[in-house]
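Here are the chains, one letter per residue:
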Amino acid sequence: MSERVGFVGLGIMGQGMARNLMKAGYTVHVWNRTASKMAPLAAEGAHAAASPADVAAQCDIVVTCVSDTPDVEAVLLGEAGIIHGAKPGALVIDCSTISPQATRDFAAKLSEKSIRMVDAPVSGGSEGAARGTLTIMVGGADEDVERAKPVLQAMGKTITHIGEIGSGQVVKAVNQVLVVGNCLAMCEALLLAQAGGVDLQKTFDAISQGAAGSWMFTNRAPQIIRRDWRPGFTIALQQKDLRLVLDAADELGVPLPGTSLIFQLYRTLEARNLGLEGNHALVKALEYLSGIQVGAES
Ligand code: NAP
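Because the structure is predicted, anything quoted here is derived from the model rather than measured. (Residues numbered from 1 in each chain as written. Predicted model: local features only at pLDDT ≥ 70, side-chain atom pairs only at ≥ 80, totals over all residues. Heavy atoms only, no water.)

1. Details of empty space enclosed by the protein
Here is step 1: One pass over the structure, following the stated rule, counts one cavity of 30 Å³ or more.
Here is step 2: Computed from the structure, the largest cavity encloses a volume of approximately 60 Å³.
Here is step 3: Every residue along the wall of the largest cavity is listed here: T97, I98, P100, Q169, A173, Q176, D241, L244, V245 and A248.
Here is step 4: Among the secondary structure elements, those contributing two or more residues to the lining of the largest cavity are α8 (167-195) and α11 (235-252). (1 Å grid on protein atoms, 1.4 Å probe; cavity = no way out; pocket = protein on both sides within 12 Å on 5 of 7 lines; lining within 4 Å. Points joined across faces, edges and corners; volume = space filled by probe spheres on them. Helix = DSSP H or I, 4+ residues; strand = E, 2+ residues; numbered from the N terminus.)

If you want it as structure tokens, here you go:
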């Protein structure tokens, strides 16, 4: 492996993604704001760094995967940010889901120091991150995307170069419209099954492989059935993504009535302090409306 790779942001996604880079043979330098999250990877051979700048100083390519637009700004351009450690010619691969316009602005700031950037938001959940099967939507110049490819291939399976910088984030917003639509459909379906008095597991077995099947239904319906709200993707981050989607729709003058409704349903859950539960806890909004509980703790 000629390129030295760094990873900034070892959350639900970053843990699995960084581990897959190590499995692919890279020596990985890692940094996470909460230092304790570096320990499991350090125990497996990763080098724990003192800051994003420190990661960048030791690497040719740095992957970032943090929560939101201001957080990417902090790790790229903040006080101890990547911009202060990276050498000219270094490449940043941002796998966070953030604003397309901010992505273009960050790339322009980095390019003043001859640091290259591609946006490479991902889909496939914590399961895809752990298994290295993520879908990755990439924006950036041809030569940067080519250079990023071996790193992306270590973390994902379906890698598509969409177009110029920021275009990966546009497609990620499109992806999120489908994610939340599928999520609401799953929740309404399970509510109806519960109200209809049929066994939820048998309902799942009967329909998950048919035309009604989806990634969401396969992976999250079993969690709802046993009322397991542990997050693959938190409600708080789902809301962040919907804000990005609705901002983009607003700028473009496009009506997204279904997505707007789902945004409001998630808002009721955030208002009830459920922001750290998984996005499948959307079913709780329907439970509040109907007075019916779906599934049972096992
Ligand atoms: P997460 O588990 O909440 O982790 C967030 C990570 O960002 C943590 O490492 C956190 O550090 C770091 N972070 C947040 N703000 C920061 C700041 N200001 N400075 C430095 N580090 C900061 O989230 P996740 O699920 O891994 O998601 C990460 C990104 O991937 C998000 O953009 C999300 O939308 C996207 N994504 C997630 C999924 C999914 O299914 N989970 C799927 C596709 C895309 P601390 O540990 O210190 O809090």
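2. A short note on the site of the ligand
Here is step 1: As a matter of local geometry, the ligand sits amid 26 residues, with N32, T34, K37, G232 and K240 nearest to it.
Here is step 2: Backbone polar atom of S67 to an oxygen atom of the ligand: 2.8 Å apart, as the coordinates give it.
Here is step 3: A distance of 3.0 Å is found between an oxygen atom of the ligand and a backbone nitrogen or oxygen belonging to T97.
Here is step 4: Protein contact buries 89% of the 900 Å² of open area that the ligand shows by itself.
Here is step 5: Judged by the proximity of its atoms to the pocket grid, the ligand belongs to the largest pocket. (Near = heavy atom within 4 Å. Polar contact = N/O pair within 3.5 Å; in protein donor to acceptor, adjacent residues only side chain to side chain. Areas by Shrake-Rupley, 256 points an atom, 1.4 Å probe, with all protein chains shown as cover. Sits in = over half its atoms within 2 Å of the grid points.)

3. Side note on the side chain of N20
Here is step 1: Along the chain, N20 turns up in helix α1 (residues 12-23).
Here is step 2: The contacts of N20, once residues within four sequence positions are left out, are A129, A130, R131, G132 and A154. (Contact = heavy atoms within 4.5 Å.)

4. Remarks on α8
Here is step 1: Compared with the 42 Å implied by 1.5 Å per residue over 29 residues, the 43 Å span of α8 between its first and last C-alpha is a close match.
Here is step 2: Taken from the residues just after α8, G197 is the one with a positive phi, measuring 80 degrees. (Expected span 1.5 Å × (residues − 1).)

5. What about the side chain of S126?
Here is step 1: Tracing the sequence through the fold places S126 in helix α6 (residues 125-131).
Here is step 2: At 3.4 Å, the side chain of S126 and the side chain of E127 are in polar contact.
Here is step 3: In this structure S126 touches I12, M13, R220 and G232, once residues within four positions along its chain are discounted.

6. Remarks on the layout of surface pockets
Here is step 1: In this structure, the largest pocket encloses a volume near 1,200 Å³.
Here is step 2: Lining the largest pocket are 49 residues, and of these I12, M13, C65, F233 and L237 sit closest to its centre.
Here is step 3: Within the residue set of the lining of the largest pocket, elements represented by two or more residues are α1, α4 (69-77), β7 (122-123), α6, β9 (156-163), α8, α10 (215-225) and α11.
Here is step 4: When residues of the lining of the largest pocket are assigned to their parent elements, the largest contribution, six residues, is made by α8.
Here is step 5: Taken together, the residues of the lining of the largest pocket break down into 17 nonpolar, 22 polar and ten charged.
Here is step 6: Residue contributions to the lining of the largest pocket reach at least three from each of two domains, namely domain 1 (5-164) and domain 2 (170-290). (Nonpolar A, V, L, I, M, F, W, Y, C, P; charged D, E, K, R; others polar. Domains from an automatic or database assignment.)

7. Quick word on the pattern of salt bridges
Here is step 1: Inspection of every chain in the model, using the stated rule, returns 13 salt bridges.
Here is step 2: Note that R19 is salt-bridged to E44, the shortest N-O span being 2.8 Å. Remark: E44 occurs in the loop between α2 (39-43) and β3 (47-48) and R19 occurs in helix α1; sequence separation between them is 25 residues.
Here is step 3: Assessed through its relative accessible area of 43%, E44 is described here as partly exposed.
Here is step 4: Each member of the salt-bridge network shares a partner with another, and the members are R226, D228 and R230. (Salt bridge = Lys/Arg side-chain N within 4 Å of Asp/Glu carboxyl O. Buried < 20%, exposed > 50% of the residue type's maximum accessible area, 1.4 Å probe, protein only.)

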